[in-house]
Amino acid sequence: MKNISIFISSFALFITFIVIEMILFKMEHKQNYSFFKMFPFELKSKKYPSFNIILWGILSIYIGLNCYNILSILYFDIYASFIVKTVAILALLVSILSLSLFLIDMRIYRIYILVSAIEIALIMGCFGLLGYYQISNLDRYSLITSIICFVICFILLMICLSPLFLKWSKAKKEEDNKEYIRPKFNILSFSIWVSILCQIFLQIIILF
């Protein structure tokens, strides 16, 4: 029950962070933030830097609570198997890398892409291992959980193997050919947001 309360609190903090940052983004850029074409670091406000300190503090608390939940449920359980402990370590690394995706920007795009790729690969590893572990149990609930884990893992894999990944950095010119604009969909930024959403699903599966 304690871990569920922590999860609900951390999830509320994350939603608060996202909503406030999206409001600040709209005030600053006069447009809505899009999860389909924009990266997490773009939520950072340049016009309202004082808010950044508070909001990044909220995000850090969210990540910290996630890490606590993961360690207390999986790693420090005296009955946890090697696979479960491995999932805990991978999930812990994913949480830390997720925080960095909100802080690092595209000025060092090679590092950003590397961190993104590692984060997505690790979350796939979490679901794959958890699915394998659950399928070893014979009860119906574990089988359903295993299927869910494998489906999520497969979806992430299909996103990563999409041909669009080779064109993620391409923009298109406006009609006057003087300015480049973003397409409405960016596969890299979208996959990062999907992986962040998958982390929430992972905690739900672990808790229930």
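Quick caveat: nothing in here was measured; it's all calculated off a predicted structure.

Reading the values: rules and limits
- Residues numbered from 1 in each chain as written.
- Predicted model: local features only at pLDDT ≥ 70, side-chain atom pairs only at ≥ 80, totals over all residues.
- Heavy atoms only, no water.
- Helix = DSSP H or I, 4+ residues; strand = E, 2+ residues; numbered from the N terminus.
- Contact = heavy atoms within 4.5 Å.
- 1 Å grid on protein atoms, 1.4 Å probe; cavity = no way out; pocket = protein on both sides within 12 Å on 5 of 7 lines; lining within 4 Å.
- Points joined across faces, edges and corners; volume = space filled by probe spheres on them.
- Nonpolar A, V, L, I, M, F, W, Y, C, P; charged D, E, K, R; others polar.
- Phe/Tyr/Trp six-rings, centres within 6.5 Å; stacked < 30°, edge-to-face > 60°.
- Buried < 20%, exposed > 50% of the residue type's maximum accessible area, 1.4 Å probe, protein only.

**Describing the overall build of the protein chain**
Across its full length, the protein chain holds six helices and two strands. N-terminal to C-terminal, the α/β element order of the protein chain is α-α-α-α-α-β-β-α. Within the protein chain, contacts between residues at least 6 apart in sequence are counted, and of these 69% link residues at least 24 apart.

**Concerning empty space enclosed by the protein**
Enumeration according to the criterion identifies two cavities of 30 Å³ or more in this entry. For the largest cavity, the calculated volume is near 50 Å³. As for the largest cavity, its lining consists of Asn-66, Ile-70, Ala-91, Val-94, Ser-95, Ile-123, Gln-199, Leu-202 and Gln-203. Only α2 (49-75), α3 (82-103) and α6 (187-207) provide two or more residues apiece to the lining of the largest cavity. Every residue lining the second largest cavity is listed: Phe-14, Leu-59, Tyr-62, Ile-63, Ser-98, Phe-102, Ile-196 and Gln-199. Contributions of two or more residues to the lining of the second largest cavity are made by α2, α3 and α6. Here the element with the most residues in the lining of the second largest cavity is α2; it accounts for three residues. Class assignment for the residues of the lining of the second largest cavity results in six nonpolar, two polar and no charged.

**Concerning unusual backbone geometry**
A positive phi angle, close to 60°, is found at Lys-30, a residue other than glycine. Along the polypeptide, Lys-30 turns up in the loop between α1 (2-29) and α2.

**Observations regarding the packing of aromatic side chains**
Inspection of the entire model under this criterion finds 15 aromatic pairs. Where Tyr-33 meets Trp-193, the ring centres are 6.1 Å apart and the plane angle is 80°; that geometry is what we call edge-to-face. You can see Tyr-33 sitting in the loop between α1 and α2 and its partner Trp-193 sitting in helix α6, a full 160 residues away along the chain. Note on Trp-193: relative accessible area 9%, which makes it buried. On the basis of an interplanar angle of 85° and a centroid distance of 5.6 Å, the ring pair of Phe-39 and Tyr-112 is categorised as edge-to-face. A residue pair is termed long-range when its members are at least 10 positions apart, and Phe-39 in the loop between α1 and α2 and Tyr-112 in helix α4 (residues 109-135) qualify at 73 residues. Classification of Tyr-112 by relative accessible area gives buried; the value is 0%. Three or more aromatic residues joined by ring pairs form one cluster here, namely Phe-17, Phe-25, Tyr-33, Phe-35, Trp-56, Phe-102 and Trp-193.

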